[in-house]
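Structural overview
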Amino acid sequence: MEIATNPAKLRVRHFRQILLWPLQLMPLPDDGPLQNHSQLLEQVSADNPWRELADEFCGDPEQFHERHYSEFVTFLPYVQRFLYGEGSGQDASSHAGESPIRVFRRHDVAKVRMTFKESDQPIDFDIVHLDLYFFYDIDVVILVVEIAADDLELRQVQDTLYRFGRAYPPYWDEDGSGGHCLKRAEWIDSAGQVLSVSDYEKRSKYLSFVSRCRAPCISSHWEFLLRPLVQHHSGEIGLVRYRQIEYHRMPLLAYLAVDDPRALTRGDFARLVLVAGPGKPGSLPYSDQHLEGFESRYCYDRYWHPQAEPAGTRLMSCGHAFVMVGSAREAYFTGLENGLLGQFRHQFFLLFLIPHFHKAALLMLSDRLVSALNRLEIGHAESVKQFKRAIRQILEVFLRFSHRYWFHEVSDQMQARALFRITGDHLGTESLYTELREEIQDMSQYLDSDSLRRQANTVVRLTVVTTAGLVATITTGFLGINLIDAAHDELIDRILFFALVAIPSVLLTGFAVVKSKPLSDFLEALSDERLSHRDKLAALLPVWRRKRPPRA
């Protein structure tokens, strides 16, 4: 096979792309039929093509392959428990060790047919997987679409990465087609029948939807793929509703097996990892100043040797995209079971999935916090109660997220650890986590201080009631000890005795209230064993001294 030296004629012998589309799930009603969102897909019906994916760890051990084992041991134990759960030991009926992730897959879509703007000749890509990832206790779902094709031009691969994963057009070209989008995308079943077609060109649909709902409208072929889930702002009826949580460009992973990866220029690598689309051969997608430090910021070149034969593998990540480029002539790079292709579809996919799940979950919690604040009406008692309840729930979810899902490190393997860190740094998950934690803590401290203020007000009211009742207690108590037998005296005599006791009691109580501060200091000094008797008596003097007003 002749190696192409002209970048315009470079061929990608095998291509894989995995799209990840995080979406926010709207909270379920308390009185609804569903306890969690994934229950909707458990129901077998004609309008539900999703079926739960069986866990490899719960099936026949003979079906547990070496690639599953390699994937498992890549991660640290606490990440393993997050991804796969843990064994139930002797209690086989226990569900406590199950993974918090539930995956549903549909099999009715066999291909996606893409028509690009530069050519009317469509290209068919095989659908390898169509999955939905649900996470326990987190209102986030991630759509995963894996496609594959062989023997493509590099420009076609760059255009696919650039145009395929777009939920809606940001604008429209002069010919009416959606800007930066495919001219046409079609989902095809195994019999060759078209299941759904994109509608990027329907400008009025997108404009009217944004005008009515103040939310972007999603292309029809993506809506089809997510059913029976429905878009939150649409008029469709559905129990489980979703809405966009991030940018309309879906995060992606890409695998490119080429004849000689050294034939790719610096501009080609930059266009791939930054998903900049095709350009003139030999050109850069952005200015030299913008791409300064490109290799150190986006490339992991531990196994990349462009001066050697073979050149090895180049791994790149910008947060939004992860790209793996290697030689199609190396069996290890193209190995689906034990090679890098198998690792790309498993280990590297999970290394990319986790930080994007982190970001989506944090954005979801931030959105719920803002929604709770927007619904708050300070002067409405019921609104204040609902606000406090919502903040407490968000705090509880955040605490569970921190202890169940949040990881600073996922692997001790140097390559896996470095790629996870690079992706997380570009996504800014650490700073987002810190910011959200501080916001929730500030809100929680406000609620705690408000509760303390209310408790203090209650104590003040109780103090007033106790002070008023103290006079009556002393008076009736003195008269009730029978030191003076006046039960048979005249009424005027009994009133006189009552007044003789009540008036000193009122005066003494009032004196105690007025001098409560120095009396409190005296009692504190009296209980301090470190002070001498002279010092304790000295602490009593301020009680009798008259406080002088400050001089003007």
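- The name an unreviewed UniProt entry gives the chain is CorA-like Mg2+ transporter protein, with Candidatus Accumulibacter phosphatis as the organism.

1. Notes on unusual backbone geometry
- Cis rather than trans, the peptide bond between Arg227 and Pro228 has omega equal to 15 degrees.
- Of note, the amide linkage connecting Glu309 to Pro310 takes the cis form, showing an omega dihedral of 0 degrees.
- For Pro310, the position within the fold is in the loop between strand 12 (299-300) and strand 13 (314-317).
- A positive phi angle, close to 75 degrees, is found at Asp137, a residue other than glycine.
- Inspection of the secondary structure assignment puts Asp137 in the loop between strand 5 (123-135) and strand 6 (138-153).
- Overall, Asp137 belongs to the partly exposed group, its relative accessible area being 28%.
- Residues other than glycine seldom take positive phi values, yet Val275 does so here, at roughly 50 degrees.
- You can see Val275 is positioned in the loop between helix 7 (266-273) and helix 8 (294-298).

2. Notes on helix 7
- In terms of burial, helix 7 is a largely internal element, seven of the eight residues being buried.
- Immediately beyond the C-terminal end of helix 7, within one or two residues, lies Val275, with a positive phi of roughly 50 degrees.

3. With respect to the packing of aromatic side chains
- Tallied over the full model, the rule gives 25 aromatic pairs.
- Seen from their ring centres, Phe82 and Phe357 are 6.2 Å apart, and the 20 degrees between their planes marks the pair as stacked. Here Phe357 lies in helix 11 (residues 347-375) and Phe82 lies in helix 3 (residues 77-84), a separation of 275 residues in the sequence.
- Looking at Phe357, the relative accessible area reads 1%, which means it is buried.
- Aromatic side chains Tyr255 and Phe333 sit 4.7 Å apart centroid to centroid with 15 degrees between the ring planes, which places their arrangement in the stacked category. A residue pair is termed long-range when its members are at least 10 positions apart, and Tyr255 in strand 11 (residues 252-258) and Phe333 in helix 9 (residues 331-334) qualify at 78 residues. Just as Tyr255 is buried, Phe333 falls in that class too.
- The rings of Tyr78, Phe82, Phe135, Phe357, Phe398, Phe401, Tyr405, Trp406, Phe407 and Tyr433 are connected pair by pair, giving a single aromatic cluster.

4. Let's talk about the side chain of Ser317
- Following the sequence through the fold, Ser317 ends up in strand 13.
- Within the structure, the side chain of Ser317 is placed 3.4 Å from the backbone nitrogen of Gly319, a separation counted as a polar contact.
- Within the local environment of Ser317, its side chain forms a polar contact with the side chain of Thr423, the two groups lying 3.0 Å apart.
- Here Ser317 is in contact with Val273, Arg297, Tyr298, Phe322, Ile422, Thr423 and His426, once residues within four sequence places are set aside.

5. Comments concerning a negative patch on the surface
- Residues Glu435, Glu438, Glu439 and Asp442 make up a contiguous surface patch of negative charge.
- Assignment of secondary structure puts Glu439 in helix 14 (residues 429-480).

6. Concerning the environment of His408
- Note on placement: His408 falls in the loop between helix 12 (381-404) and helix 13 (414-427).
- Separated by 16 residues in sequence, His408 and Gly424 place their C-alpha atoms 9.3 Å apart.
- Beyond its immediate chain neighbours, meaning those up to four positions away, His408 contacts Phe420 and Glu430.
- A distance of 2.8 Å separates a polar atom in the side chain of His408 from a polar atom in the side chain of Glu430.

7. Some thoughts on the nonpolar core
- Of all hydrophobic cores here, the largest spans 77 residues; its most connected members are Val145, Phe164, Trp222 and Leu256.
- Those residues in contact with Trp222, other than ones at most four positions away along the chain, are Leu19, Trp21, Leu143, Val145, Phe164, Gly165, Arg166, Ala167, Trp187, Tyr200 and Met250.
- Counting residues in each nonpolar core, the second largest holds 66 residues, with Tyr133, Leu315, Met443 and Leu447 among its members.

Rules used throughout
Residues numbered from 1 in each chain as written. Predicted model: local features only at pLDDT ≥ 70, side-chain atom pairs only at ≥ 80, totals over all residues. Heavy atoms only, no water. Helix = DSSP H or I, 4+ residues; strand = E, 2+ residues; numbered from the N terminus. Buried < 20%, exposed > 50% of the residue type's maximum accessible area, 1.4 Å probe, protein only. Phe/Tyr/Trp six-rings, centres within 6.5 Å; stacked < 30°, edge-to-face > 60°. Polar contact = N/O pair within 3.5 Å; in protein donor to acceptor, adjacent residues only side chain to side chain. Contact = heavy atoms within 4.5 Å. Patch = residues over 30% accessible without salt bridge, like charges linked within 9 Å, V, L, I, M, F, W, Y side chains within 5 Å. Areas by Shrake-Rupley, 256 points an atom, 1.4 Å probe, with all protein chains shown as cover. Salt bridge = Lys/Arg side-chain N within 4 Å of Asp/Glu carboxyl O. Lys, Arg positive; Asp, Glu negative; His and termini not counted. Charge placed at Lys NZ, Arg CZ, Asp CG, Glu CD. Core = buried A, V, L, I, M, F, W, Y, C linked by side-chain atoms within 4.5 Å.

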